[in-house]
Amino acid sequence: MTPQDVNGSGRPATAPRAPVARLARTLVLALPLASALASCGARQGPTQPVPCMSDRECRADRICHEGRCRFLAEVEAELTGTHAESSTATPPDAGPVAPAEDAGAAADAGPPAETEPTPDRAMFMGSPRHHGRSVHTGPAEAPEQRWVHRTRARVFASPVVGPDGTVYIGSLDRSFAAVAADGRLRWRYTAGDKIYATAAVAEDGTVYVGSDDGTLTALDPTGQVRWRLDLHDEVDASPVIGPDGTVYAAAEGVYAIDPAGAVRWHVPTASHIRSSPALHPNGQVVVGTPEGEVLAVEPSGQVAWRTPAGASIDGGASIAEDGTIYIGTDRGHVLALGPDGRERWRYETGEDVRATPAIAADGTIVVGSYDRHLYALSPTGELRWKVATSGRIRASARIDAAGRIYVGSQDDFFYAISAEGEVLWRHNLGQDVDSTAALAPDGTLYVGADDGGLHALR
Amino acid sequence: MRLPTLALLALLAACGGDDRRVPFGEEEDGETTPDDPGEPEGFTPREGRSFEPGAGTLSVEGSPLGVEGSPRALLALDLDEDGDRDALVVAETESELRLAAARREGDRFAPATLSTLELEGCAVARAGVRTVTEVSALAEAELRCEGDEAADPWRVRWVVGLGEAPRVRETLSTRAPLEAELVFEDRDEDGHEDLGLVARVHGAEVAFAWLDRPGGLAREAGEPEASVRAALDADPARGARLAAAFCRGEDARIRFGAGAWGLACPDALRERARRAEVAALLQAGELVDALAALEGGAPIPDDALDAAAASGIEATRLTRWRGTPDAATTHTALAFDADGGLIVRGVTAERHGPAGGVTPADALPAPVRDPGGRFFVRGLRRTCAGVEAELLPASQVGPGAGFAPAQRRPVAEAPLEGCTRPPESTLWRALGWAPQGLVVGRPGARWVAPLTADGLPAGDPVRLETGDPPPAPLQGGRVTPDGESWIVETPWGVLVTRRGRSELWRPAGWTDAPPPRAAALSQDGERVALLRGDEVFLLAPAGDDDAAAAPDEPPNR
């Protein structure tokens, strides 16, 4: 074995090489390194994207904001200084999320039970329970028409009165108007399609409007759009607002939507729902379906129960203090169900019951039928009285603080009826009255009609 | 004379034929053709047979014709006068319509394609072949095209010269409302059959001919242009429709051969016809269509515009505008306030009171701004897909504005067919901003673009149909707050729409000033302010004292 030279480190020393060869070897090793270093120095950092100039240049649901394509929800959150939170939160116009089973814990935040009567709420039937009672008193004698706000098509929706006295009304001419108490137009919003649903006004003044264009839109008190949520199906059932601000709407299924426009949960149904969701004191959301079921959904979005009703349901449910649920069917029945969905009794009228039953303070159920009668039923399902009109009754009744009942008929008249079933007066509005009235604190009655008018009566 | 021979052949054909094929049996009864009112004496026109799609292979006297495609019409006749029956066939393939002549050679046929036509997504509804004179036959087909089910079909006609070597003399295609008749006669009495055409559209008629020359058919010199000119002289409106139907363009309704629809009419004729068309629209009160035609480059019939304009509108020069030439700021130059005063914003802002007098005005925000006063519309931009609004923060109003990048939001869907480059000028205007969003319009159309308070999109733009209630209240220079009245200023006048009814405000001397650069409508909808060049004018119905009493006084500085 040839002894190897070892340098002071104990490693074998390399054999001495010629200077040129050494230089060549060095160059061979150094060149790639130098090249890499050179290219590193030449890089300017990540390639700058070309700034966008228009929303059309951006894909999917993104817009061009400050030269960059960004998701609308991100920009909105940035501008409002908040972040989207919920695990099921989606951009406001992105439509519904996965079925309720996948909602997760973040969605388990339903409304607390109602234990005390509340002042009139600016939504259909004055309450998320749809009892139809008002704390205000309406005209005892035949009123005069103070003014009428004209739209260009039928007014099917019910007016609602906001905290400041502004009256909100949608029309089949696609308009949604905010009308001051003196009849002046404050602002008008034009939807993409007809408006059948009654609006709901939150405590912060946000106005929720459903339209046949498939959207639920949140407007601020000045009429500007806060957000617009595409539910991909006509929204002609009136939304309601829970005590925590959650909005419950129905289209192709039932939705719970937070005030920021994010869908908390969605329970799909086989077909389109026209029945306005009602909130049970136990927190469940109750709705009727065209398949002839009464459906109750837990605050978490889980289906609690389904009860067959025997016929299609168009009207909303109303819920009494004791939790009894009342609802009408297209077979002319008025059903009473317990909080567990079990049927307690069933009353048969002559034709379809498409109105939402109102519930008087003494528990009397007041509801109209297509057989042209207004019925008053006891909590046990017995007839107390009925009043005949000359037309079908599609509208729901409202009950004032004095127990007087106000309801429209397709005989063109708007009726006031005593708690005992006596017709106090009736006012001719010229065409069918399918809209449910609203009562203002000053006693003014607001009601829409097929003449396209929002009528103020006092 | 040939009829007995043909009858004998028909009888022979009836005895033979392959059962697997569709046999050609008895011939149809000859009928006088409606296009041939004066057939020569001794000549009897003959009509062939028509077939539904999928008729299968045709045979004559037991021999297959061998023509490619699905036969749709057939006429058996002795083309070469050799005593046997040949055939003219119209056949359809997936992409073409074919006209073929099949000469019988022994027990076989030798088909030869005479002409083909690209179907271009169309299908044959009906076809037919018939003789029209001793020397001419007419093969025709009606075509229906995809996406055009509601329209009348277009009609294709081949004029076939008969003989040993049949040839197509002319191919004519027509579409409703143009109707055409072919006339076969010797116009120049040279012993050769010429071809005449009588075309009618909207009550106007033109007739001309192709003369038979050694080289083929030659169109009469100067026709149909001369006939179109004569029609324009007699009735400009009808003449314009005739010109549109004949001359190359999107409204052409006639085609010769397989080229483009319409003839290459002289520019002077086309201009004259377009001017007549616009004049006819104006006379009929179709202001929106007339303005659209002018926007498309039609010549300007000033006298017709003057005649169609609303009467009694007077223009008063109000003041000289002292501003920057920057187009980004010019459109913000004019706005009426709620008290009827006109704010003129140039280098400085001044208010011209309704009863006269000029006072300095605060630097008001631009007219078309959101309810929160945070954004304003810098302008509208036409794209091939529609219209976009350029939004800027309100702080950018005034000289120097426009240097900040604008947010562009789609505000109307209005695709331009065949657009590769959008037009630079447009009649789209930003009318006003409602709480719901921005309202834009052009003659005959308005759109709402929903926007949030932050100027972000809040849904797709929605078109407002006639009668739809507009969003309100609207804040903007060209619309009243209730949205019921609005204006669109154009180079040819101001289209003022009030409660669904439009009229053109075009005071005397309109053409003496440059086109409008900015416009505003008073909040009561009664007066219009225009910036033309460097002059501000007030337009109002005569007798509007407020407009007449607005002097040009310097502001009280």
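Since we're looking at a predicted model, the values are computed, not measured.

Engineer: Now, about the overall build of chain B: what can you tell me, with residues and values included?
Structural biologist: Counting its regular elements, chain B contains 8 helices and 35 strands. Counting over 557 residues, chain B shows a buried share of 46%. In chain B, the proportion of contacts linking residues at least 24 apart, taken out of those at least 6 apart, comes to 51%.

Engineer: Help me get a handle on the overall build of chain A, residues and values and all.
Structural biologist: A count of helical and extended segments in chain A gives 2 helices and 34 strands. Expressed as a percentage of the 458 residues in chain A, the buried residues total 50%. Sequence separation of 24 or more characterises 48% of the internal contacts of chain A that already satisfy a separation of 6 or more.

Engineer: Let's hear about helix α4 (residues 267-283) of chain B: which residues, and what values?
Structural biologist: All names here are of chain B. Over its 17 residues, α4 extends 24 Å from the first C-alpha to the last, a length consistent with the 24 Å expected when each residue adds 1.5 Å. Taken across its 17 residues, α4 has 12 buried, putting it largely inside the fold. Every buried residue of α4 is listed here: Leu269, Arg272, Ala273, Arg274, Arg275, Ala276, Glu277, Val278, Ala279, Ala280, Leu281 and Leu282. Packed against the buried residues of α4 are α2 (225-234), α3 (236-246), α5 (287-295) and α6 (302-308). Looking one or two residues past α4, Gly285 carries a phi angle of roughly 80°, positive in sign.

Engineer: A description of the packing of α3 of chain B against α4 of chain B should follow, citing residues and the corresponding values.
Structural biologist: All names here are of chain B. Close contact between α3 and α4 brings their axes to 8 Å; oriented N to C, the two are set at 130°. As far as their axial angle goes, α4 and α3 are oblique. Every pair of crossing elements has a handedness; the one defined by α3 and α4 is left-handed. For the pair α3 and α4, contact is made by Pro236, Ala237, Gly239, Ala240, Ala243 and Ala244 and by Leu269, Arg270, Ala273, Ala276, Glu277, Ala279 and Ala280, respectively. Counted by class, the contact of α3 with α4 contains 10 nonpolar, 1 polar and 2 charged residues.

Engineer: Please provide a residue-by-residue account of the sheet that holds strand β34 (residues 453-457) of chain A, values included.
Structural biologist: Residues and elements named next belong to chain A. If you walk across this open sheet you meet the 4 strands as β3-β34-β33-β32, and the pairing is antiparallel. The strands lining the two open edges of the sheet, one partner per strand, are β3 (145-150) and β32 (438-439). Where β32 meets strand β33 (residues 445-448), 2 bridges bridge the pair, whose relative direction is antiparallel. Looking at the pairing, Leu439 lines up with Leu445 of β33.

Engineer: Talk me through the sheet that holds strand β21 (residues 349-352) of chain B; I want residue IDs and the actual numbers.
Structural biologist: Residues and elements named next belong to chain B. Here we have 4 strands laid out as an open sheet, ordered β19-β20-β21-β22, and antiparallel in their pairing. Across the chains shown, the open sheet's two edge strands, defined by having one partner strand only, are β19 (334-336) and β22 (358-360). In this sheet, neighbouring strand axes are inclined to one another by 25° on average, regardless of whether the strands run parallel or antiparallel. Sheet topology places strand β20 (residues 342-345) next to β21; 4 bridges connect them, and they run antiparallel. Its bridge partner being in β21, Arg345 is matched across the sheet by Ala349.

Engineer: Outline the pairing of strand β27 (residues 383-388) of chain A, listing residues and values.
Structural biologist: All names here are of chain A. Here 5 bridges tie strand β26 (residues 373-377) to β27, and the two strands are oriented antiparallel to one another. Bridged to Leu377 within β27 is Leu383. In textbook terms, the turn of a hairpin is the stretch between consecutive antiparallel strands, and for β26 and β27 this stretch comprises 5 residues, one of which, Gly381, has a positive phi near 90°.

Engineer: Residue-level account of the packing of α2 of chain B against α3 of chain B, with values.
Structural biologist: All names here are of chain B. In the contact formed by α2 and α3, the axes pass within 6 Å of each other and the chain directions differ by 155°. As summarised for this structure, α2 and α3 are arranged roughly antiparallel, according to the angle between their axes. Crossing hand, α2 versus α3: left-handed. For the pair α2 and α3, contact is made by Val228, Ala231, Leu232 and Ala234 and by Pro236, Arg238, Gly239, Ala240, Leu242, Ala243 and Phe246, respectively. In terms of residue class, the contact of α2 with α3 is built from 9 nonpolar, 1 polar and 1 charged.

Engineer: Can you lay out the interface of chain A and chain B for me, pointing to particular residues and giving the numbers?
Structural biologist: Between chain A and chain B, the contact holds 31 residues from the first and 29 residues from the second. Contributions of two or more residues to the side of chain A that touches chain B are made by β1 (62-65), α2 (72-80), β7 (185-190) and β11 (225-230) of chain A. The biggest single contributor to the side of chain A that touches chain B is β7 of chain A, with 5 residues. Tallied by class, the residues present in the side of chain A that touches chain B amount to 10 nonpolar, 11 polar and 10 charged.

Engineer: Break down the nonpolar core for me, citing the residues and quoting the values.
Structural biologist: All names here are of chain B. By size, the foremost hydrophobic cluster in this structure holds 257 residues, and its most contacted members are Ala243, Leu334 and Val440. Examining the composition of this core, we find that 8 residues originate from one element, α4, more than from any other. The contact partners of Leu334, leaving out residues within four places of it in the chain, are Leu342, Val344, Gly477, Ala518, Ala519, Ala520, Ala529, Leu531 and Val536.

Engineer: Give a description of the confidence of the model for chain A that names residues and reports values.
Structural biologist: Residues and elements named next belong to chain A. For chain A, the mean per-residue pLDDT works out to 84, and 79% of the residues sit at or above 70. Confidence drops under a pLDDT of 50 for residues 1-17, and excluding neighbours within four residues, the segment shows 8 contacts in the predicted structure. Note that residues 38-47 has pLDDT below 50 and, in this model, 0 contacts with residues that lie over four places away or in other chains.

Engineer: I'd love a proper account of the environment of Asp534 of chain B, names of residues and values included.
Structural biologist: You can see Asp534 of chain B is positioned in the loop between β34 (528-532) and β35 (535-541). Separated by 355 residues in the primary sequence, Asp534 of chain B and Glu179 of chain B have C-alpha atoms spaced 53 Å apart.

Engineer: Quick one: what's the story with the pairing of strand β7 (residues 96-105) of chain B, residue by residue and with numbers?
Structural biologist: All names here are of chain B. Extensive coverage of β7 is indicated by the burial of 8 of its 10 residues. The antiparallel hairpin formed by strand β6 (residues 86-92) and β7 contains 3 residues in its connecting segment. Of the pairings in the sheet, the one linking β7 to strand β8 (residues 108-118) comprises 10 bridges and is antiparallel in character. Paired with Glu105 across the two strands is Arg108, which belongs to β8.

Engineer: Now, about α2 of chain B: what can you tell me, with residues and values included?
Structural biologist: Residues and elements named next belong to chain B. The complete set of buried residues in α2 reads Ser227, Val228, Ala231 and Leu232. Buried residues of α2, seen end-on, are gathered within an arc of 140° and therefore sit on one face of the element. Along α2, the residues that are exposed and aim more than 90 degrees away from the buried face are Asp233 and Ala234.

Engineer: Residue-level account of the environment of Gly443 of chain A, with values.
Structural biologist: All names here are of chain A. In this structure, Gly443 sits in the loop between β32 and β33. Taking the C-beta count within 10 Å as the criterion, Gly443 has 16 such neighbours and is therefore assigned partly exposed. When the C-alpha positions of Gly443 and Ala140 are compared, they lie 9.8 Å apart, and in sequence the two are 303 residues distant. Each residue touching Gly443, except ones within four places of it in the same chain, is listed here: His136, Thr137, Gly138, Pro139 and Arg458.

Engineer: If you had to explain unusual backbone geometry to someone new, which residues and values would you point to?
Structural biologist: In this chain, Ala176 of chain B is followed by Pro177 of chain B through a cis amide linkage whose omega measures 10°. Relative to the elements of secondary structure, Pro177 of chain B occurs in the loop between β12 (167-175) and β13 (179-185). Here the amide bond leading from Ala472 of chain B into Pro473 of chain B is cis, since omega sits at -5°, within 30 degrees of zero. Along the polypeptide, Pro473 of chain B turns up in the loop between β29 (462-464) and β30 (485-490). In this structure, Arg372 of chain A takes a positive phi of about 80° despite not being glycine. You can see Arg372 of chain A is positioned in the loop between β25 (365-368) and β26.

Engineer: Explain the confidence of the model for chain B residue by residue, including any values.
Structural biologist: Residues and elements named next belong to chain B. Across chain B, pLDDT averages 81, with 84% of residues at or above 70. Within chain B, strand β1 (residues 22-23) has the poorest average pLDDT of any element, 42, and β30 the best, 95. Here residues 1-40 is modelled with pLDDT under 50, and outside its nearest four sequence neighbours on either side it reaches 57 contacts, counting other chains as well. Scored below 50 in pLDDT, residues 546-557 shows 28 contacts in the model against residues more than four places distant or in partner chains. Overall fold confidence (pTM) sits at 0.72, and the ipTM for the predicted complex is 0.70.

Engineer: Go over the environment of Pro308 of chain A, please, and point to the residues and values.
Structural biologist: All names here are of chain A. Among the secondary structure elements, Pro308 is positioned in strand β19 (residues 303-308). Residue class for Pro308 comes out exposed when judged on the 11 C-beta atoms lying within 10 Å of it. Spatially, the C-alpha atom of Pro308 lies 46 Å from that of Asp182, the residues being 126 residues apart in sequence. Filtering out sequence-adjacent residues up to four positions away, Pro308 remains in contact with Gly292 and Glu293.

What counts, and where the lines are drawn
- Residues numbered from 1 in each chain as written.
- Chains lettered and ligands numbered in written order.
- Predicted model: local features only at pLDDT ≥ 70, side-chain atom pairs only at ≥ 80, totals over all residues.
- Helix = DSSP H or I, 4+ residues; strand = E, 2+ residues; numbered from the N terminus.
- Buried ≥ 20, exposed ≤ 12 C-beta atoms within 10 Å, placed from the backbone.
- Contact = placed C-beta atoms within 7 Å.
- Expected span 1.5 Å × (residues − 1).
- Axes fitted to C-alpha atoms, helices over the stretch in contact; angles between N-to-C directions.
- Parallel < 35°, antiparallel > 145°, perpendicular 65-115°, else oblique.
- Left-handed = near helix turned anticlockwise from the far one by under 90°.
- Nonpolar A, V, L, I, M, F, W, Y, C, P; charged D, E, K, R; others polar.
- Pairing = 2+ DSSP bridges.
- Core = buried A, V, L, I, M, F, W, Y, C linked by C-beta atoms within 7 Å.
- pLDDT = per-residue confidence, 0-100.
- Arc of directions from axis to C-beta.

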